[in-house]
Amino acid sequence: MKKAIVILSVLLAVLLIAAAVLYFTGKQPSPQTDPTEAPTESATESALPTEATQAATEPATTEELPTEPVIEIVPDEQVSVLNGFRVSTYFIDGVRMIERNDFANALELYFENVSLKLYGIDSFEETDTAVSINGRQIEGVVAPAVGFDGGPADPDGGSQPADVHVLYLPFDELIAAMDCPLYVDEDTGVHYYTPSARRFEIPQGVNVPVLMYHAVSDEIWSSIDELFVSPSDMEAQLAYIVDNGYDAIWFEDLSHLEDYDKPVILTFDDGYEDNYTNLFPLLKKYGVKATIFVIGSAPNNQQHMATEKQIREMSTSGYVSIQSHTYTHPDLDGLGYDDTMYELAQSKKIITRIAGKEPIVLCYPTGRYNDFTLELGPQYYMFGIKMNGGLYNTSSDPFLVNRYYVSRYTDLYSFAAYLSAAGR
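Residues numbered from 1 in each chain as written. Predicted model: local features only at pLDDT ≥ 70, side-chain atom pairs only at ≥ 80, totals over all residues. Heavy atoms only, no water.

Novice: For this particular structure, what's the right way to read the pairing of strand 10 (residues 165–170)?
Specialist: The side chains of a regular strand alternate, residue by residue, between the two faces of the sheet. Counting buried residues in strand 10 gives five out of six residues, a clear majority hidden from the surface. Of the pairings in the sheet, the one linking strand 5 (residues 95–99) to strand 10 comprises three bridges and is antiparallel in character. Each residue of the ladder has a partner; that of I98, found in strand 10, is L169. Two elements, strand 9 (residues 141–144) and strand 10, share four bridges in a ladder whose sense is antiparallel. (Buried < 20%, exposed > 50% of the residue type's maximum accessible area, 1.4 Å probe, protein only. Helix = DSSP H or I, 4+ residues; strand = E, 2+ residues; numbered from the N terminus. Pairing = 2+ DSSP bridges.)

Novice: I would appreciate a short explanation of the side chain of T352 in the present structure.
Specialist: With respect to the element layout, T352 can be found in helix 9 (residues 337–355). Among the polar contacts made by the side chain of T352, one reaches the main-chain carbonyl oxygen of K348 at a distance of 2.6 Å. Here T352 is in contact with Y183, Y192, K357, E358 and P359, once residues within four sequence places are set aside. (Polar contact = N/O pair within 3.5 Å; in protein donor to acceptor, adjacent residues only side chain to side chain. Contact = heavy atoms within 4.5 Å.)

Novice: How should I be thinking about the sheet that holds strand 7 (residues 130–133) in this particular structure?
Specialist: Hydrogen bonds between backbone atoms are what pair the strands of a sheet, whose relative direction is either parallel or antiparallel. Overall, antiparallel pairing links the three strands, which are arranged 6-7-8 in an open sheet. Every interior strand has two partners, whereas the edge strands, strand 6 (124–126) and strand 8 (136–139), have only one. Here the average twist between neighbouring strands, direction ignored, is 15 degrees. Where strand 6 and strand 7 come together, three bridges link them in antiparallel fashion. Within strand 7, the residue paired with E126 across the bridge is V131. (Axes fitted to C-alpha atoms, helices over the stretch in contact; angles between N-to-C directions.)

Novice: What should I look at first to understand the sheet that holds strand 4 (residues 89–92) in this one?
Specialist: Read from one edge to the other, the open sheet built from five strands follows the order 1-4-5-10-9, with strand pairing classed as antiparallel. Unpaired on one side and paired on the other, strand 1 (73–75) and strand 9 mark the two borders of the sheet. Strand-to-strand twist across the sheet, computed as the mean angle between neighbouring axes with direction ignored, equals 45 degrees.

Novice: Quick question: what am I supposed to make of the packing of aromatic side chains here?
Specialist: For any pair of aromatic rings, the description rests on two quantities: the centre-to-centre distance and the angle between the ring planes. Within the structure shown, the criterion is met by 14 aromatic pairs. Taking the centre distance of 4.6 Å and the plane angle of 15 degrees together, the rings of Y213 and F268 count as stacked. Of this pair, Y213 sits in strand 13 (residues 210–213) while F268 sits in strand 17 (residues 263–270); the two residues are 55 residues apart in sequence, bridging distant segments of the chain. Of the two residues, Y213 and F268, both sit in the buried class. An angle of 65 degrees between the planes, with centres 5.4 Å apart, marks the rings of W221 and Y272 as edge-to-face. Of this pair, W221 sits in the loop between strand 14 (215–216) and strand 15 (228–229) while Y272 sits in the loop between strand 17 and helix 7 (274–286); the two residues are 51 residues apart in sequence, bridging distant segments of the chain. Y272 gets classed as buried once you look at its relative accessible area, which sits at 11%. Here the aromatic cluster, defined as three or more aromatic residues joined through ring pairs, consists of F200, F251 and F383. Here K262 stacks its cationic end above the ring of Y246, 4.0 Å away from the centre of that ring. One cation-aromatic arrangement involves K348 over Y381; the distance from NZ or CZ to the ring centre is 5.0 Å. (Phe/Tyr/Trp six-rings, centres within 6.5 Å; stacked < 30°, edge-to-face > 60°. Lys NZ or Arg CZ within 6 Å of the ring centre and 35° of its normal.)

Novice: Explanation requested: the environment of V184 in the structure shown.
Specialist: Tracing the backbone through its elements, the reader meets V184 in strand 11 (residues 182–184). Accessibility expressed as a relative area gives 36% for V184, which makes it partly exposed. For the pair formed by V184 and K349, sequence separation is 165 residues and the distance between their alpha carbons is 9.0 Å. Among residues more than four places away in sequence, those in contact with V184 are V190 and H191.

Novice: How do you make sense of helix 10 (residues 371–380) when you look at a structure like this?
Specialist: The α-helix winds at 3.6 residues per turn, so residues separated by three or four positions along the chain end up facing the same way. Along helix 10, the residues that are buried comprise T373, L376, G377 and Y380. When helix 10 is viewed along its axis, its buried side chains cluster within an angular range of 120 degrees and face the same direction. At its buried positions, helix 10 is contacted by helix 9. Here helix 10 starts with a cap whose side-chain oxygen sits 3.0 Å from the backbone nitrogen of F372, and that cap is N370. (Arc of directions from axis to C-beta.)

In structure tokens form, the structure reads like this:
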């Protein structure tokens, strides 16, 4: 009996142990992955949302690319003429600007026979974004190019791509750096900027022979034949100037007289048409500069006189300086105060319109003048020129400038004698 009880107890214990094992085996969690191990590809893919899921759960986004600020360029309604050339100016951020190329062309930076000193520029440097005038740094703005009508700029009249950019420079800063004067035509409102018309000091004690001519032609249509220098003689005289080292200059060039060893000034009174047809080609051929005194009322109105178009062409050539011979060519010594003022002021206005440059020299018709002439002259001009008197020295009164008269009968020997004292 006891033996049976023992056997039953053992079986019961085994059953209890088996039941416990089965119970705890059913509660055991599934094996965990090592958190330091990278997930498998399948696990990663299952963890990421599909494109369809993402589109359904997230709003669509658009990437914004950075854009350049828009530069507003407003054309200036003011008509401006710089050194004889009409230029376009614009407002950028409230500052009046000019394209760098327009500025360079107006100042004839590429003319070999024009010194920048003529414009009061002793030093000039450029970078991609600025210019330096006389050591004054002037910063510009690079912006889209615009034409005179607000369209693409192209000097040849064609079209340019819309993305062409150019350098714009502050116009008023450039004018100030050159000490450039402003002349306003009260009738038209046009602003004329003439750098060579600024006030300047003249080196003293230098002999500068000034020669007086009139017509250059073999066609003598006046009773005063001595006024007509033969074109062949004119060419011989120009060749003599070049071959013997003389420097033919303008009155404006007296501002930098130290640059010339043997300076001379060639002047032609009245502004005859043959100055354009016969003289002008010779000046270009020999690279010689000359001054022509124009009667303000004569162009387009009197026979044998140069036209406004011809005068303008000569003025912008770099070879001819157009100056004043009064408005109607009267004998100034017989005029009163008001009439003298009219002749001087009206001539200045008309010649500025025609040539595009403000004149600074007044030539007295027939060489005559009076106290009113000498009183009013400095208000409008920087020099006053007589008919004759011999050699001009820069120490003399700038409104009593002497000249040598060159006529049709002046031989080359006499011509050479007139020049011999130059630069001393």
